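What follows is each chain in one-letter form.
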Amino acid sequence: MMASRNRPEETVARVDRLTMAFGDTVVQRDLDFEIVPGTIFAIMGPSGCGKSTLLRHMVGLHEPAAGRVFLGGENFWGLEQHDRNRLLQQAGVLFQGGALWSSMTVAENVALPLELFTDRSPELIADQVAFKLALVGLAGASDVYPAALSGGMRKRAGLARALAMDPRVLFLDEPSAGLDPLSARRLDTLILRLRATLGVTVVMVTHELESLFAIADDSLYLDPETKTAIARGAPRDLQKQSEHDQVREFLNTRL
Ligand SMILES: Nc1ncnc2c1ncn2[C@@H]1O[C@H](COP(=O)(O)OP(=O)(O)OP(=O)(O)O)[C@@H](O)[C@H]1O
C-alpha cells in the first residue's frame, strides 16, 4: 500500500491535463508535466503564448479551466482555502518588478512573511533575515530602502524575500527582465548558487536565451499556434534536436 501512494515529499510540482483560459478564450490546453526536484525548469515560448499565465496557475493566482495543479503532491485547487494558503506560504514567488514594499527596509521586507506566517521570536527572525540576505549578497544592505537599490539589487532582495519561508520551490517570472546584461548574468549565477546551496527547485519564465542556456536543465515550450506544449527537455538539446522547426528557431534566434 505505502509504496504505491503518492508521497508529498517526492514531488514538488506537477501539472495534469491543464487547460488555461480567459473566459472562453483558451490560452493553452492539455499541459502535462512534472518538475523533477532540484532542477531549474524554464517555461519558454514566444510572446503571448501563456508563460506567465502558466506560472500564475502554479502559484494559485488563476484557477484552471480544466485539469489539476499539484504542489508538494497536493491537488491545489481541490483543497479548502485554508489548506491552499498553507501551501502558498511554502512557495517562494518573485514576480516581475520585485514588488518590494517601498516603505520598508530590505530587512523588513524579508522579515515580513516570517512575522505574518510564523510565531518565531524577533531574534530568530532577525537571524534568518540576515542569513537570507547574506545568501543573495546583500548582507550590507539590510537597512536600505528599495528606492535606493539598483535593479539587480532589488531582484536579489526580492529573491531573499521569496526564500524567507524556506520554500522547496522558487517561482520566478522573467527574473532578469529590465536588468543590464552583466546584472542579468550575475542573477543567473546567484540562482545556480541558491540551487546548489539550498537544493531549491526553480520554475522560471524567461525568454532570455542566455539565461536559458546558462541555467535551465529542463524546459517546456508552449506553442501559441497549436495552443499546447510541443517540446520538453534541456534547452541545449532542444536547440539542436527538436523535431519542431519553431522550437529550434526560437532557441537559435538572438534578438
Ligand atoms: N487578464 C487577462 N485577460 C484576458 N487575456 C489575457 C489576460 N492576461 C493575459 N491574457 C492573454 O493570454 C495570453 C497569454 O498571456 P501571457 O502573459 O501568459 O503570455 P506570455 O507568454 O507570458 O507573454 P510575454 O512573453 O509577452 O510576457 C495572451 O494572449 C494575453 O493577451
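Residues numbered from 1 in each chain as written. Predicted model: local features only at pLDDT ≥ 70, side-chain atom pairs only at ≥ 80, totals over all residues.

Naming follows an unreviewed UniProt entry, where the protein chain appears as Phospholipid/cholesterol/gamma-HCH transport system ATP-binding protein of Halospina denitrificans.

S.K.: Give a description of the environment of serine 52 that names residues and reports values.
M.R.: Position of serine 52 among the secondary structure elements: in helix α1 (residues 51-58). In sequence terms serine 52 and histidine 207 are 155 residues apart; their C-alpha atoms lie 11 Å from each other. Serine 52 has contacts with Asp173 and Val205, leaving out every residue within four places of it along the chain. (Helix = DSSP H or I, 4+ residues; strand = E, 2+ residues; numbered from the N terminus. Contact = placed C-beta atoms within 7 Å.)

S.K.: If you had to explain the nonpolar core to someone new, which residues and values would you point to?
M.R.: The biggest cluster of nonpolar side chains holds 66 residues, and the ones touching the most others in it are Phe171, Val202 and Val203. Residue assignment places this core across two domains, with domain 1 (10-90 + 167-255) and domain 2 (98-166) each supplying three or more. What valine 203 contacts, discounting residues up to four positions off in sequence, is Ala13, Ile35, Phe41, Met58, Val169 and Phe171. (Core = buried A, V, L, I, M, F, W, Y, C linked by C-beta atoms within 7 Å. Buried ≥ 20, exposed ≤ 12 C-beta atoms within 10 Å, placed from the backbone. Domains from an automatic or database assignment.)

S.K.: Lay out the sheet that holds strand β6 (residues 91-94) in plain terms, naming residues and giving numbers.
M.R.: Pairing within the open sheet is mixed, and its 6 strands lie in the order β6-β7-β8-β3-β9-β10. Of all the strands in the sheet, just β6 and β10 (228-232) have a single pairing partner and so form its edges. Averaged over all pairs of adjacent strands, the angle between strand axes in this sheet comes to 20°, irrespective of strand direction. Note: strand β7 (residues 169-173) against strand β8 (residues 201-205), 5 bridges, orientation parallel. Bridge assignment links leucine 170 to a residue of β8, and that residue is valine 202. (Pairing = 2+ DSSP bridges. Axes fitted to C-alpha atoms, helices over the stretch in contact; angles between N-to-C directions.)

S.K.: Account for the domain arrangement of the protein chain, naming residues and giving values.
M.R.: With domains assigned, the protein chain is organised as domain 1 (10-90 + 167-255) and domain 2 (98-166). Domain 1 and domain 2 are separated by 25 Å when their C-alpha centres are compared. Facing the 13 residues of domain 1 at the interface are 12 residues of domain 2. The dominant element in the side of domain 1 that touches domain 2, judged by the number of residues it contributes, is helix α6 (residues 181-198), at 6 residues. Per-class residue counts for the side of domain 1 that touches domain 2 are 7 nonpolar, 5 polar and 1 charged. (Nonpolar A, V, L, I, M, F, W, Y, C, P; charged D, E, K, R; others polar.)

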